[in-house]
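Understanding the architecture of this molecule
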Amino acid sequence: MEPPKTPSSFMSPRPPTPSTIPSKITVNFVLPYASELATKEVDMVIIPATTGQMGVLPGHVPTIAELKPGILSVHEGNDVTKYFLSSGFAFIHANSVADIIAVEAVPVDRIDQNSVQKGLAEFTQKVNSASTDLEKAEAQIGVDVHSALNSALSG
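Rules and cut-offs
Residues numbered from 1 in each chain as written. Predicted model: local features only at pLDDT ≥ 70, side-chain atom pairs only at ≥ 80, totals over all residues. Heavy atoms only, no water. UniProt positions renumbered as here; feature names shortened; annotations may be inferred. Helix = DSSP H or I, 4+ residues; strand = E, 2+ residues; numbered from the N terminus. Buried < 20%, exposed > 50% of the residue type's maximum accessible area, 1.4 Å probe, protein only. Core = buried A, V, L, I, M, F, W, Y, C linked by side-chain atoms within 4.5 Å. Contact = heavy atoms within 4.5 Å.

Another aspect to go through is the UniProt feature "domain: ATP synthase F1 complex delta/epsilon subunit N-terminal" (unreviewed entry) in the chain. Residues annotated by UniProt as "domain: ATP synthase F1 complex delta/epsilon subunit N-terminal" (unreviewed entry) correspond here to residues 26-97. End C-alpha to end C-alpha, residues 26-97 measures 5 Å, and it is 0% helix and 71% strand.

Let us now look at unusual backbone geometry. Positioned with a positive phi, T39 is a non-glycine residue whose angle comes to about 45°. With respect to the helices and strands, T39 occurs in strand 2 (residues 34-42). Non-glycine residue S96 carries a positive phi angle of around 60°. Note on placement: S96 falls in the loop between strand 8 (88-92) and strand 9 (97-102). Residue classification places S96 among the buried positions, given a relative accessible area of 3%.

Attention now moves to the nonpolar core. In terms of nonpolar packing, the biggest core is built from 23 residues, with V27, F29, V45, I47, L72, L85 and I100 touching the most fellow members. With 4 residues, strand 1 (residues 25-31) is the largest single contributor of residues to this core. Every residue in contact with L85, bar those within four places of it in the chain, is listed here: F29, P48, L67, K68, P69, G70, L72, A102, E104 and A105. Residues I71, I111, V116 and A152 belong to the second largest nonpolar core, which totals 8 residues.

See below:
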């Protein structure tokens, strides 16, 4: 009888770490229903990790980060494209590739400030009037997301 196989025997080998640091980082930014960026070479991305804002440049140490509601900034030369993310994960690979997977995202310039203020007021009222833990938790998620949207638009 053969010994059981370990998970590493089913995995493909890691991509090699380049001997020199490239000048650009390759970004893949996907949502469940669309691919926003596919193998886009950029100078830097700033992601809203749960541990804080994380700037990712070429040659960044391999990392997995959970994303919180906030702004993803994609820097390409003097151009900066900003997206509001609800949540997700970022995988930074040793070969200067960043895979960013978000549950929901929208370009910041498409967000309506009045709708954000209205939503924040509505969810705050729901938190205060919630009669069950579930209702309170759902309303608190709405407050958290609308607060992050409000911060994104004002800062």
